[in-house]
Amino acid sequence: MKKVFILTVILLSFILQSLSSDGELIFGVYPVFNSKTLIKLFQPVAESIERSAGISVRLVSAPDWETFNQRTLDGRYDLIWTNNALYFKASDLTGYYAIASGVPDLNGVVMVRDDSSIYSLKDLEGKKIVAIAEESFAGYLFFRTGMADLGLYSPDDFSVEFNEDIESLPFLVLNGFYDACVFSEQIYFDSTIYQNTNEKLRIIAYSIDIPRFPFAVKPGTDPELVKKIQTGIMTITSGTEKGRVVLEQLNLESFILRQDSDYAEFRSIYQKITDYKKPENYEKTD
């Protein structure tokens, strides 16, 4: 019981701790997974940056994406690893800029039960969908665009609900609560969820290639510190056993250096899709 209590305190501290402290680099990680998983995945990255930069690195997250977004826009993180949607917003509004990311690119997928009669997006007319978040390209927007191309719109032609607990989405479909789920293929297949659901689910649609979530730093960060952070990230390679483990856990081949211009093409596509509106003359057909 004591061990459970200690673990609970550690996880709560990871989410709720103060986000400002002199002499520390605050590394904010977008809450894709639960706190325990995030610590496992990103603590080695934080430690590598710490060794390279010679400064204490504090790994933190937030209880939900709205809180993480607001903390980022408030400048409360020195370094972030975040989804592309928030990166674009943080870059435009506060000046955060990309310094590195993982490769290869990722894709969004739409998955259904393998024993269902659904084989294409068209078959989802009148169905219930669960997706990650309204602003997520891989976790919703590409799907919305694909349905719109077929003349199908929510909530008239299908229903959509959002659930940030990405690890639960496959089970929600398997258990019949929804007809399909939308999320990032690479994040999903790196999860233990894959081992339990891969033979029971079927992919019916893919998104275009999507750049991996960037590591980005707050504007005004000392350029020499930025170089040291980059060095710490780039030190993690498949050339060492420890590096291989880190990359495998993050489902990456390697890390590469990035700059904001590397995201320009995808930013344009994302903005176009985000701004898409249902036609004013749309009428639901029975």
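In short, a report on the structure. Just so it is clear, the model here is predicted, and its values are computed rather than measured.

Examining the packing of aromatic side chains
Reasoning step 1: In the structure shown here, the tally under the stated rule is 17 aromatic pairs.
Reasoning step 2: Seen from their ring centres, phenylalanine 88 and tyrosine 270 are 5.6 Å apart, and the 55 degrees between their planes marks the pair as tilted. Note that phenylalanine 88 is positioned in helix H4 (residues 84-94) and tyrosine 270 in helix H11 (residues 264-274), a separation of 182 residues in sequence. Here phenylalanine 88 matches tyrosine 270 in class, with each residue buried.
Reasoning step 3: When the ring of tyrosine 140 is compared with that of phenylalanine 143, the centres are 6.5 Å apart and the planes differ by 50 degrees; the resulting orientation is tilted. Residue tyrosine 140 and its partner phenylalanine 143 are both found in helix H5 (residues 137-149); the two are separated by three residues, about one turn of the helix. Across the pair, phenylalanine 143 and tyrosine 140 agree in class, each one buried.
Reasoning step 4: Residue placement shows lysine 128 over the ring face of tyrosine 178; its charged tip is 5.3 Å from the ring centre.
Reasoning step 5: The ring of tyrosine 263 carries arginine 258 above its face, with NZ or CZ at 5.3 Å from the centroid.

Section: the nonpolar core
Reasoning step 1: Ranked by size, the top nonpolar core spans 86 residues in total, and within it Phe27, Phe42, Val110, Leu124, Phe143 and Phe215 carry the most contacts.
Reasoning step 2: Top element by residues in this core is H5. It accounts for seven residues.
Reasoning step 3: Setting aside its immediate chain neighbours within four residues, leucine 124 contacts Val110, Ile118, Ile129, Phe143, Met147, Asp157, Phe158, Ala180 and Ile204.

Here's the deal with the sheet that holds strand E3 (residues 79-81)
Reasoning step 1: As summarised here, the arrangement of the six strands in space is E2-E1-E3-E10-E4-E11, forming an open sheet in which the pairing is mixed. Strands with a single pairing partner mark the edges of an open sheet, and in this sheet they are strand E2 (56-60) and strand E11 (254-257). Taking the axes of each pair of neighbouring strands and ignoring which way they run, one obtains an average angle of 20 degrees across the sheet.
Reasoning step 2: Here four bridges tie strand E4 (residues 97-103) to E11, and the two strands are oriented antiparallel to one another. Residue pairing for E11: serine 101 is matched across the bridge by isoleucine 256.

Topic: the packing of H4 against H11
Reasoning step 1: Packing of H4 against H11 brings their axes to within 11 Å, and their N-to-C directions diverge by 100 degrees. Put simply, H4 runs roughly perpendicular to H11. Of the residues in H11, those touching H4 at Asn84, Ala85, Phe88, Ser91 and Asp92 are Phe266, Arg267 and Tyr270.

Points about the environment of phenylalanine 215
Reasoning step 1: Relative to the assigned elements, phenylalanine 215 resides in strand E10 (residues 214-217).
Reasoning step 2: By relative accessible area, which is 1% here, phenylalanine 215 ends up buried.
Reasoning step 3: Sequence separation of phenylalanine 215 and isoleucine 229 is 14 residues, and the distance between their C-alpha atoms is 9.8 Å.

Examining the environment of valine 112
Reasoning step 1: Its location among the elements puts valine 112 in strand E5 (residues 108-113).
Reasoning step 2: Taking relative accessible area as the criterion, valine 112 reaches 0% and is therefore assigned buried.
Reasoning step 3: Residues valine 112 and aspartate 179 lie 67 residues apart in sequence; the distance between their C-alpha atoms is 6.2 Å.
Reasoning step 4: Excluding its chain neighbours within four sequence positions, the residues that come into contact with valine 112 are Ile118, Val173, Asp179, Ala180, Lys200, Leu201, Arg202 and Ile204.

Definitions and limits used
- Residues numbered from 1 in each chain as written.
- Predicted model: local features only at pLDDT ≥ 70, side-chain atom pairs only at ≥ 80, totals over all residues.
- Heavy atoms only, no water.
- Phe/Tyr/Trp six-rings, centres within 6.5 Å; stacked < 30°, edge-to-face > 60°.
- Helix = DSSP H or I, 4+ residues; strand = E, 2+ residues; numbered from the N terminus.
- Buried < 20%, exposed > 50% of the residue type's maximum accessible area, 1.4 Å probe, protein only.
- Lys NZ or Arg CZ within 6 Å of the ring centre and 35° of its normal.
- Core = buried A, V, L, I, M, F, W, Y, C linked by side-chain atoms within 4.5 Å.
- Contact = heavy atoms within 4.5 Å.
- Pairing = 2+ DSSP bridges.
- Axes fitted to C-alpha atoms, helices over the stretch in contact; angles between N-to-C directions.
- Parallel < 35°, antiparallel > 145°, perpendicular 65-115°, else oblique.

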